[in-house]
Structure formats: C-alpha cells, structure tokens
Amino acid sequence: MVFVGQQTVASLVASSVVVGVSAFQSSPIFSTTVTPRSLSLKVAVDPTVVTKTEYADICGVSFNNEDMGKRLERTSFLYPKHVEVIEDFAEVANEAVDQILLETGEHAWQPQDYLPDLSKDGWMEEVRELREMSKGVPDDVMVVLVGDMVTEEALPTYQTLLNTFEGCDDPTGTTDSAWARWSRGWTSEENRHGDLLNKYLYLTGKTDMRAIEVTIQHLITSGFNPKARKDPYRGFLYTSFQERATKVSHGNVGKLARQHGDANLQRICAKIAGDEGRHEKAYQLFVSEILKRDPNGLMMELGDLMREQIVMPAELMTDGADKHLYENFSAVAQRLNVYTAIDYAEILKHLVKTWDLETLDGLDGPAEKEREYICKLPERYTKLAERSMNKKKKATEDEVTAKAFSWIHGRQV
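These figures come from a predicted structure and were not determined experimentally. (Residues numbered from 1 in each chain as written. Predicted model: local features only at pLDDT ≥ 70, side-chain atom pairs only at ≥ 80, totals over all residues. Heavy atoms only, no water.)

1. What about the overall build of the protein chain?
Heads up, the rule is: Put simply, DSSP marks the helices as runs of H or I at least four residues long and the strands as runs of E at least two long, and each gets a number from the N terminus on. Only protein chains enter the accessibility calculation, which uses a 1.4 Å probe; a residue is then buried when its area is under 20% of its type maximum, exposed when over 50%, and partly exposed in between. Throughout, a contact is declared for two residues whenever any of their heavy atoms are within 4.5 Å. Throughout, the Shrake-Rupley method with a 1.4 Å probe supplies accessible areas, and for residues the shown protein chains are the sole cover considered.
Helix and strand counts for the protein chain come out as 16 helices and two strands. Per-residue burial over the protein chain gives 48% buried out of 413 residues. Counting contacts in the protein chain only where the partners sit at least 6 residues apart, residues at least 24 apart contribute 78% of the total. When the accessible area of the protein chain is evaluated, it comes to approximately 20,500 Å², of which 50% is carbon and sulfur surface.

2. Brief notes about the pattern of salt bridges
To keep it simple, the criterion reads: Any carboxyl oxygen of Asp or Glu within 4 Å of a side-chain nitrogen of Lys or Arg constitutes a salt bridge here.
By the definition in use, this model includes 22 salt bridges. As a salt-bridge pair, Glu301 and Arg234 come within 3.0 Å of each other at their nearest N and O atoms. Separated by 67 residues along the polypeptide, Glu301 in helix 13 (residues 295-308) and Arg234 in helix 11 (residues 232-259) bring together distant segments of the chain. The exposure class assigned to Glu301 is buried, which follows from its relative accessible area of 17%.

3. Description of the nonpolar core
Worth spelling out the cut-off: We define the nonpolar core as a collection of buried residues of types Ala, Val, Leu, Ile, Met, Phe, Trp, Tyr and Cys that are connected through side-chain atoms lying within 4.5 Å of one another.
Within the largest apolar cluster, 100 residues are counted, with the highest numbers of intra-cluster contacts made by Trp182, Phe236, Phe286, Met299, Leu357, Phe405 and Trp407. In terms of residue count, the dominant contributor to this core is helix 12 (residues 263-293) (10 residues). Aside from chain neighbours lying at most four places away, what touches Met299 is Leu291, Leu357, Leu360, Leu363, Ala367, Glu370, Arg371 and Ile374.

4. A look at the packing of aromatic side chains
To keep it simple, the criterion reads: Working definition: a ring pair exists when centres of Phe, Tyr or Trp rings (six-membered ring for Trp) sit within 6.5 Å. Plane angles under 30 degrees give stacked, over 60 give edge-to-face, the rest tilted. Our definition puts a charge over a ring when NZ of Lys or CZ of Arg is within 6 Å of the ring centre and also within 35 degrees of the ring normal.
Summed over all chains, the structure comprises 19 aromatic pairs. Residues Trp182 and Tyr283 carry aromatic rings whose centres are separated by 5.5 Å and whose planes lie at 90 degrees to one another, so their mutual orientation is edge-to-face. Separated by 101 residues along the polypeptide, Trp182 in helix 9 (residues 178-204) and Tyr283 in helix 12 bring together distant segments of the chain. These aromatic residues form a ring-pair network of at least three members: Phe89, Phe165, Trp179, Trp182, Trp186, Phe236, Tyr283 and Phe286. Over the ring of Tyr373 we find Arg307, and its NZ or CZ is 4.0 Å from the ring centre.

5. Here we look at the confidence of the model for the protein chain
A low pLDDT score tells you not to read the predicted coordinates there in detail. Note the cut-off: Confidence scores labelled pLDDT are given residue by residue by the predictor and lie between 0 and 100.
Mean pLDDT over the protein chain stands at 87; residues scoring 70 or higher make up 82%. Contacts for the low-pLDDT stretch residues 10-42, under 50 throughout, to residues beyond four places or in other chains number 38 contacts.

6. A look at the packing of helix 11 against helix 13
Threshold: A fitted line through C-alpha atoms serves as each axis, taken over the contacting stretch for helices, and the angle formed by two N-to-C directions is quoted from 0 to 180°. To sort the angles, those under 35 degrees are grouped as roughly parallel, those over 145 as roughly antiparallel, those from 65 to 115 as roughly perpendicular, and the leftovers as oblique. Two helices crossing with the near one rotated counterclockwise from the far one by less than a right angle form a left-handed crossing, whereas a clockwise rotation gives a right-handed crossing. Each residue is assigned to one of three groups, with Ala, Val, Leu, Ile, Met, Phe, Trp, Tyr, Cys and Pro labelled nonpolar, Asp, Glu, Lys and Arg labelled charged, and all others, Gly among them, labelled polar.
Running from amino to carboxyl end, helix 11 crosses helix 13 at an angle of 55 degrees, the nearest separation of the two axes being 10 Å. As far as their axial angle goes, helix 13 and helix 11 are oblique. Between helix 11 and helix 13 the crossing geometry is right-handed. Facing Tyr233, Arg234, Leu237 and Tyr238 of helix 11, the residues of helix 13 in contact are Gly297, Leu298, Glu301, Leu302, Asp304, Leu305 and Glu308. Partitioned by chemical class, the residues of the contact of helix 11 with helix 13 number six nonpolar, one polar and four charged.

7. A few points about a nonpolar patch on the surface
As a reminder, the rule being used: For patch detection, residues must exceed 30% relative accessible area and be free of salt bridges, and they are connected within 9 Å for like charges or within 5 Å for nonpolar side chains (Val, Leu, Ile, Met, Phe, Trp, Tyr).
Together, Leu118, Trp123 and Met124 make up an exposed nonpolar region whose accessible area comes to about 300 Å². The topology assignment puts Met124 in helix 6 (residues 123-134).

Structure below.
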C-alpha cells in the first residue's frame, strides 16, 4: 500500500474535538465475596451514564443475570455487536478469497516476471536496457517512486493492524476462518509490490539503496495509527479509502514513467495498481455488507473517521536525518499530480456513490445527520482543494523551493 498527501486535506478542514465518556465506573469494577461454597459477582454500571437498553444495544445482549454466559462471551470484545455483523457475512469473505484474490504459486504473477533474469545468458544486456530506459526518468519522479516503495515495504505493520480488527484476526497464524484466510491472502499479494519496486530501483543504479533501507526500517519501527481502534467497521472503511488511493498513486506514477520513456516502469506500476484495484473492490464490498446489517452503526463510524481525516501510513517516514521527509515527499507528489487533495475528494465521492449513501434511508436521527454530513464532504473538499491548489500555484509560479533527498544521493528536487 502507498499513500501520500495527508497534509493537503488536513490543513484545509478544521478538526473537531471528540470527547469520550466511559459508561463504566472506574472503581470498583468487580466486587467479590468468597465463601467455601459461594461466589458472588457484581458488575458496577452507572445508570446515569448508560441504561440497560443502551447497554444491550452496545453489547448485543441484555443486562440480565440469565444472560450472564452470553454476555461474558460477547463482552470479551470491545465491539461485540460489530463482531456479530462481521461474522454474519463471513461467507462473503470466503468468496472474496476465491474470486478476488489470485491464485498463488506458479499461477500468480511474481516480481521476477518484470525484471531481468540474472541466471540466464544475456542478462547483462537486459540490465543495460532497463538502465537505459530509467535514465529518462527525472529525479522528482524517482523520489515519488521511492516513497511509494518505502510505504509498500512497511507491509508487516499493515498485516499486524489488519489482525487487530475484532472478528477478523488470525489467532494461530494458520487459522482456517474466512477472515484469517483473507488476511493472509491479501498480505501475500501485497508483498510482491515492495519486492518488485525495490529490485527495480536497485537495478537502475540511480538511488541510494542504503538510505532507502534505513527509511524502511525507521517506518516499520515507528508504525502508524489508522485510528481504526480495533473496530472492524472503521478498519474496512479505512482500507476502502486507502486501497483506492494506492491505485491512483501507482497509476499516475506509471503514466509519468511512460511519458519519460520507461516502458518497464510503466508496466510495473500498472500491474501493482491492478492489484490495488481488486483489493479496493473487496474492502468496499465488505462495507456494503455491513450497511445491509447495521447502517446506523456504520454511518456513525464513517462520520467520525472523516472528521478525524484519513491518516496516511507513511506519515512517520524518516531517513534518520530529515524530520520532514514525509511532508517533502508529499509535496513532490502533489506537484507532479500523483496524489493531491483533489484525489482525496474524488475518492470520497466515489465511495458515497459506491455505497449509494445519497439515497440511503431508514436511518435513526443521529445516523441520518452523519449521512447528510458525509454526502456534503466531496463537494466541500473539492472547493477547498481547488482554492488551496490555486494559491500554491501562484506562490510557486516563479520559484519552487527545492529539497534534498538522501534517496537520490542528496540531489535536490
């Protein structure tokens, strides 16, 4: 996965403050009295904060003693109701594994299919041809390509986060559930992207691979917080947005490569963008299934997620020297129109249309307000983005402040 441009939108929209209130008293939670033959257990719930009806809506079970066993099972999750919804369409995830993900092994494309084979006669000529084509790719395009590759190489972080979505985890590492199979299958496909781009960049001889490797290690070590909060609803909303952003970014880099005469790089980017497009459809399908079962709950999460802004996986990127590496990389990507605030708005517009949110009815009061808010965002973001980009264009018509990147041996772009 690869995403840039968080600052382009975050700087345009004022953030809102969300205050969370716990429904449970902080102390004491449990009170026990032990005798040789008895054990009494009391759970303290403040009736002024949450009613029994509200508790049942949150946890998916009533707050009666008869339902103790079921309640304990459900409340082992932070989002038991959401987990119940996810489990209800697990078969859709099974179908996604079989129909959306490609076959593995010999039947799947591999990075080597797009690179010179150093084990065969004539490999030197193939490498020379690759290098000759890459000579025409300017430094600014190479910087964006490196940023894309670094983000893809942080895949361990993304699989870890995917396994935090409640109800979608892979507790044993070989679990045969639909969601565990999806997680591993998705990861296996995504793993090819960083491998391919990494090897391509190495063979061009145009980049400082050690500086790039240092950046990758820093990014994986730093991690990132997509604000999913372990909630599968928020997790799938996030991935629905980001997979499309990835497709847009890789596709646009491929177009630039073609303009500069690098057919190899254009084919590589197109192939990766194709993968992201298939993954995007899967995650958007999962959200559609949630909408069928819990439209109110999903609208509340989507509204909150959009107020907080979509967090970019590479925002903590650093090479150990440039503290503003992500911002500088993002600025280059925006300047080249690889990924901009306009794209952010267009993605949200696409999601509103895909999930048919304009005509969604039957919502309760709060969810309906969120739906109205969400449906107005694409137009609002577009206007703000156009205004901001016009200002930046006027400010940089005469001069662009060049930044040095260790990835290209300190050259400035």
